[in-house]
Amino acid sequence: MANLHLNFRSDSISRSVYPVVFLPDYNGWNDCRPPYRTLYFLPGYSGGGLETATFTNFALYSALYGIAIVLVDGENSFYLDDEQRGAMFSQYAGQEIVEATRALLPLSHRREDTYIGGISMGGYGALVNGLRYADTFSKIAMLSPALEMHRRQRENPALCPIRLGELEGAIGTEESLAGTYKDHLFASRQAIERGNLPEIFLGCGRQDELVLPASRRYRDAMEALGHPIAYYEAEGQHDHTFWKQALTPLCEFLNQRGGE
């Protein structure tokens with residue numbers, strides 16, 4: 001296993017970026033050879049790639065499952081484009097980081113080998129960007145995704161760690177995101193209509209009051225649309241203890257071929 005710390009200037013967000021990368025070099029555990037299948041993984045709110053890698057031991061999962069893992073910092077942006085500030089985090093997470101790492105590293109360029117995932121805020125970012133760039137990503141893998149945060153603020157603001165002003169600054173108002181790529185249900189229906197819906201995994205803890213209701217609603221909505229997702233629910237809260245546990249079913253999902 002190789003652990004790399006990259007640095008390059010991102011044109012999308014006009015600053016230096018420092019992605020953390022794990023490559024599954026041949027080590028006797030499997031016969032994985034480059035070009036590698038790749039998971040682009042988006043950390044959660046207030047988190048970063050190095051912190052996430054430390055808590056969840058991505059090095060081990062990269063080696064065990066033969067998948068390169070690229071950790072992408074999002075700076076509390078929800079991985080969305082902010083045209084006014086020129087901070088195009090959706091473009092960065094869904095397009096630029098893929099192009100840059102493919103140019104620098106022995107990664108597969110095939111859609112069927114390219115995945116996007118994330119935790120909490122990053123889970124939401126993985127879903128909307130996996131759908132927006134569905135021609136790039138064949139699978140989306142979310143852990144405790146921060147879906148329906150406006151609704152959480154409206155119904156029980158004490159349970160929402162993000163203030164309404166910051167939430168609207170990052171995502172927009174509840175009304176303004178409707179019918180855009182930021183609206184995960186609208187974007188899911190669009191991908192179904194286009195015929196390029198990625199396979200989707202969602203894992204959430206049963207004690208996660210922040211996002212469990214929204215996770216179940218998304219699961220049920222996709223089933224009603226005739227496109228059920230891979231859903232994992234177990235004891236746990238909105239924390240790294242659950243996310244570390246859920247990485248095993250997440251990676252098993254990524255290693256399946258054609259939904260087997």
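Up top is the structure these notes are about.
I will try to describe carefully the structure that is included in this document.

Basis of the calculations
Residues numbered from 1 in each chain as written. Predicted model: local features only at pLDDT ≥ 70, side-chain atom pairs only at ≥ 80, totals over all residues. Heavy atoms only, no water. Core = buried A, V, L, I, M, F, W, Y, C linked by side-chain atoms within 4.5 Å. Buried < 20%, exposed > 50% of the residue type's maximum accessible area, 1.4 Å probe, protein only. Contact = heavy atoms within 4.5 Å. Phe/Tyr/Trp six-rings, centres within 6.5 Å; stacked < 30°, edge-to-face > 60°. Lys NZ or Arg CZ within 6 Å of the ring centre and 35° of its normal. Helix = DSSP H or I, 4+ residues; strand = E, 2+ residues; numbered from the N terminus. Polar contact = N/O pair within 3.5 Å; in protein donor to acceptor, adjacent residues only side chain to side chain. Axes fitted to C-alpha atoms, helices over the stretch in contact; angles between N-to-C directions. Parallel < 35°, antiparallel > 145°, perpendicular 65-115°, else oblique. Nonpolar A, V, L, I, M, F, W, Y, C, P; charged D, E, K, R; others polar. Left-handed = near helix turned anticlockwise from the far one by under 90°.

This paragraph deals with the nonpolar core. Of all hydrophobic cores here, the largest spans 59 residues; its most connected members are Phe78 and Tyr218. In this view, Tyr218 contacts Leu127, Met142, Leu147, His184, Leu185, Ser188, Ile200, Leu202 and Ile229; residues no more than four positions away in its chain are not counted. Within the second largest apolar cluster, 26 residues are counted, among which are Tyr61, Tyr65, Ala234 and Phe253.

Attention shifts here to the packing of aromatic side chains. Taken as a whole and judged by the stated rule, the model has six aromatic pairs. Lying over the aromatic face of Tyr115, Lys139 brings its terminal NZ or CZ to 6.0 Å of the ring centre.

What follows covers the side chain of Ser188. Looking at the element boundaries, Ser188 is found in helix 8 (residues 184–194). Of note is the side chain of Ser188, whose polar atom sits 2.8 Å from the side chain of Tyr218. Dropping the residues within four chain positions of it, Ser188 is found in contact with Leu131, Leu197, Tyr218 and Met222.

At their nearest, the axes of helix 1 (residues 49–56) and helix 10 (residues 240–255) sit 9 Å apart, and the two run at 70° to each other. When the axis of helix 1 is compared with that of helix 10, the two are roughly perpendicular. On the side of helix 1, the interface is formed by Glu51, Thr52, Phe55 and Thr56, while helix 10 contributes His240, Lys244 and Leu247. Of the residues assigned to the contact of helix 1 with helix 10, the class counts are two nonpolar, three polar and two charged.

At a closest axis distance of 11 Å, the pairing of helix 2 (residues 58–65) and helix 10 adopts a crossing angle of 25°. Between helix 2 and helix 10, the interaxial angle falls into the category roughly parallel. The hand of the helix 2/helix 10 crossing is right-handed. Along the contact surface, helix 2 presents Phe58, Tyr61 and Tyr65, while helix 10 presents Lys244, Leu247, Thr248, Cys251, Glu252 and Asn255. Within the contact of helix 2 with helix 10, the residues separate by chemical class into five nonpolar, two polar and two charged.

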